Amino acid sequence: DTRAPAAKYKRNSLYQLTPKMVLPRWVEWCRYMRVYSLKFDYQQDALALERVLSVLDGKGAMLAQTGRAQLQQVISSAKGETEYFHVQCFKNGNLHLTWKRLDLLHKVNAVAGGQSLKP
């Protein structure tokens, strides 16, 4: 393989969500408390994603406090899972999300345009 090492591992697509997403600079490491936390700028985005998935799953919109607490608890332990994702945090600030429910991934891509967005 002639690609640069980093290019082999990139998972994000410009045209659709993929089974593994890398969200750069979404988390920060607090060395004093020895935990990760979701950066303030991305808290609403993370909550919106989980709320959309809850609606597509037929469970209705989840409460804001419930979603934030669940995601933050998983992030603070650096590795774990929510109802929809396996979550892993890295000290470079990247948050890796791996979809647990590929049926919901396909629904999200279909609603957002999915295959029709590809050139």
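S.K.: Got a minute to help me understand the pattern of salt bridges in this structure?
M.R.: Side-chain pairs of opposite charge can arise whenever the charged atoms involved come near each other. Tallied over the entire structure, the rule returns 5 salt bridges. When the shortest N-O distance is used, the salt bridge between Glu 81 and Lys 100 registers 2.9 Å. Within this pair, whereas Glu 81 is found in strand S4 (residues 79-81), its partner Lys 100 is found in the loop between strand S6 (95-99) and helix H4 (102-112), the two being separated by 19 residues in sequence. The exposure class of Glu 81 is partly exposed, given its relative accessible area of 44%. Shared partners join several salt bridges into a network, and the residues in it are Asp 57, Lys 59, Glu 83, Arg 101 and Asp 103.

S.K.: Before we go on, may I ask you to explain the packing of aromatic side chains in this structure?
M.R.: Where two aromatic rings form a pair, the distance of their centres and the angle of their planes describe that pair. Under the counting rule described, the total for this entry stands at 3 aromatic pairs. Note on Trp 26 and Tyr 42: the rings are 4.6 Å apart at their centroids and 15° apart in plane angle, and the pair reads as stacked. Here the residue Trp 26 occupies a position in the loop between strand S1 (20-23) and strand S2 (27-30), and Tyr 42 occupies one in helix H2 (residues 40-56), the gap between them amounting to 16 residues. Classification of Tyr 42 as partly exposed rests on a relative accessible area of 24%.

S.K.: Explain the sheet that holds S4 to me, please; I cannot follow it from the model alone.
M.R.: Strand pairing in a sheet relies on backbone hydrogen bonds. The paired strands run either parallel or antiparallel. Strand order in the open sheet made by the 4 strands is S1-S6-S5-S4, with antiparallel pairing throughout. Looking at the sheet topology across the chains shown, the edges are occupied by S1 and S4. Adjacent strand axes in the sheet meet at a mean angle of 15°, parallel and antiparallel pairs treated alike. In terms of strand pairing, S4 meets strand S5 (residues 85-89) through 3 bridges, oriented antiparallel. Paired with Glu 81 across the two strands is His 86, which belongs to S5.

Rules and cut-offs
- Residues numbered from 1 in each chain as written.
- Predicted model: local features only at pLDDT ≥ 70, side-chain atom pairs only at ≥ 80, totals over all residues.
- Heavy atoms only, no water.
- Salt bridge = Lys/Arg side-chain N within 4 Å of Asp/Glu carboxyl O.
- Helix = DSSP H or I, 4+ residues; strand = E, 2+ residues; numbered from the N terminus.
- Buried < 20%, exposed > 50% of the residue type's maximum accessible area, 1.4 Å probe, protein only.
- Phe/Tyr/Trp six-rings, centres within 6.5 Å; stacked < 30°, edge-to-face > 60°.
- Pairing = 2+ DSSP bridges.
- Axes fitted to C-alpha atoms, helices over the stretch in contact; angles between N-to-C directions.

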